[in-house]
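Architecture and fold: a report
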Amino acid sequence: MKRRAALVVSLAAMAGVVSCGGGGDDVVGAPSGPSAEGYYAGSLVVTAFPATVGNPQLPNTSTAFQMLVLENGQFWTIYGTPNGAELDVEGFAQGTGTSNGSLFIAGGVRNFANPPPAVATNAVASASYNASVKSISGTITDSTTTSTITSAPQSAYDYSAAAALASLDGVWMVRGPANDQYTLTVAADGTFDALPTPGPGCSFSGSFVPRTTGKNVFNVSVKNGAAPCTQVNLESSGVAFVVPSGAQAQLTFATISDDRVFGAVVSGVR
């Protein structure tokens, strides 16, 4: 699987700052009120600024996002371009934050959009949410882009339902942001192998495990194969989810390395 070097994105909101998401950082401000936990999806608008030295201007073709906020404050925002009922993934942002009832505040966020070598840059953003209707909106801004997200009402995906391995069992054709394609074969126990299609390319393997919270999300672990993988034997972990896509279903999963330097996202419909 191709790995994307990271851009560092910090989410800051009017009510305070959280600096966490992978290194035991401190949290400023205690959470209060209803949590932002859940699934969101909607439109995304990217405004690109002039490129900086060592940090080329990012593509700004993404127009939609899907976002998971987990019970522990960890969030994954997958973005890309709609293709019918499907989302063609182009990157993702990941971090950990806290909810205060109406604002979700996070820091130490990583955005995985550039092909390597990408340069890490700091950013600020603010996001507000309504826990009752499960809506969220806000901006994430680094030195080259501002991404504005606005969610739309969702009914097809039930975040509260228990994740079932049976929904993954079988063969999927998945692709990444660089149109790298794989045949992903998932066994009944959640283990999988992925082969580049067509080859040659970087193969990978791993496993899906339903989260112990009973929510409709899987933990996923991935290990790269040997050469020609750019990052040979790299291990990473993240989340996976299956969203109805018209009469079909779309599997998406994103992972990051333990040091949060490399990340990848793939998705496919069947």
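Residues numbered from 1 in each chain as written. Predicted model: local features only at pLDDT ≥ 70, side-chain atom pairs only at ≥ 80, totals over all residues. Heavy atoms only, no water.

**A word on the pairing of strand 8 (residues 86–99)**
Counting buried residues in strand 8 gives 12 out of 14 residues, a clear majority hidden from the surface. As paired strands, strand 7 (residues 74–83) and strand 8 are joined by 10 bridges and run antiparallel to one another. Each bridged residue has a counterpart across the sheet, and for Ile 78 the counterpart in strand 8 is Phe 92. Where strand 7 hands over to strand 8, the hairpin turn is made up of two residues, of which Gly 84 adopts a positive phi near 70 degrees. With seven bridges joining them, strand 8 and strand 9 (residues 104–112) adopt antiparallel strand pairing. When the bridges of strand 9 are listed, Gly 97 appears paired with Ala 106. If you look at the hairpin formed by strand 8 and strand 9, you'll find four residues sitting between the two strands, and Gly 101 has a positive phi there, around 110 degrees. (Buried < 20%, exposed > 50% of the residue type's maximum accessible area, 1.4 Å probe, protein only. Helix = DSSP H or I, 4+ residues; strand = E, 2+ residues; numbered from the N terminus. Pairing = 2+ DSSP bridges.)

**Looking at the packing of aromatic side chains**
Note on aromatic pairs: each is described by the distance of the centres and the angle between the planes. Applying the stated criterion to the full structure yields 12 aromatic pairs. Ring plane angle 85 degrees and centroid distance 5.4 Å describe the contact between Phe 208 and Phe 253, whose orientation is recorded as edge-to-face. With a gap of 45 residues between them, Phe 208 in strand 16 (residues 204–210) and Phe 253 in strand 19 (residues 248–257) connect regions that are remote in the sequence. An identical accessibility class is assigned to Phe 208 and Phe 253; each is buried. An aromatic cluster of three or more residues is present, and its members are Tyr 182, Phe 192, Phe 204, Phe 208, Phe 218 and Phe 253. (Phe/Tyr/Trp six-rings, centres within 6.5 Å; stacked < 30°, edge-to-face > 60°.)

**Quick word on the pattern of salt bridges**
On inspection of all chains with the given rule, the structure shows one salt bridge. For the salt bridge of Arg 211 with Glu 71, the shortest nitrogen-to-oxygen distance reads 2.6 Å. In this pair, Arg 211 sits in the loop between strand 16 and strand 17 (218–224) while Glu 71 sits in the loop between strand 6 (64–69) and strand 7, placing the two residues 140 residues apart along the sequence. What makes Arg 211 buried here is its relative accessible area of 13%. On the accessibility criterion, Glu 71 (36% relative accessible area) is partly exposed. (Salt bridge = Lys/Arg side-chain N within 4 Å of Asp/Glu carboxyl O.)

**Quick word on the state of the cysteines**
In this structure the tally under the stated criterion is one disulfide. What pairs with Cys 202 in a disulfide is Cys 229, and their sulfur atoms sit 1.9 Å apart. Here the S-S torsion is close to 95 degrees, and the disulfide linking Cys 202 with Cys 229 is therefore right-handed. Residue Cys 202 is located in the loop between strand 15 (191–196) and strand 16, and its partner Cys 229 is located in the loop between strand 17 and strand 18 (235–245); the two are separated by 27 residues in the primary sequence. Given the relative accessible area of 5%, Cys 229 is considered buried. (Disulfide = S-S within 2.5 Å.)

**Description of unusual backbone geometry**
When glycine is set aside, most residues are seen to have a negative phi, and most peptide bonds are trans. Of note, the bond from Gly 199 into Pro 200 is cis; its omega dihedral lies within 30 degrees of zero at -5 degrees. Its location among the elements puts Pro 200 in the loop between strand 15 and strand 16. Cis geometry is found at the peptide bond from Ala 227 to Pro 228, where omega equals 15 degrees. The residue Lys 134 is not glycine, and still its phi comes out positive at about 55 degrees. You can see Lys 134 is positioned in the loop between strand 10 (124–130) and strand 11 (135–141). A positive phi angle is found at Asn 179, which is not glycine, with a value near 65 degrees. Here Asn 179 lies in the loop between strand 13 (170–175) and strand 14 (181–186). Judged by relative accessible area, which is 52%, Asn 179 ranks as exposed.

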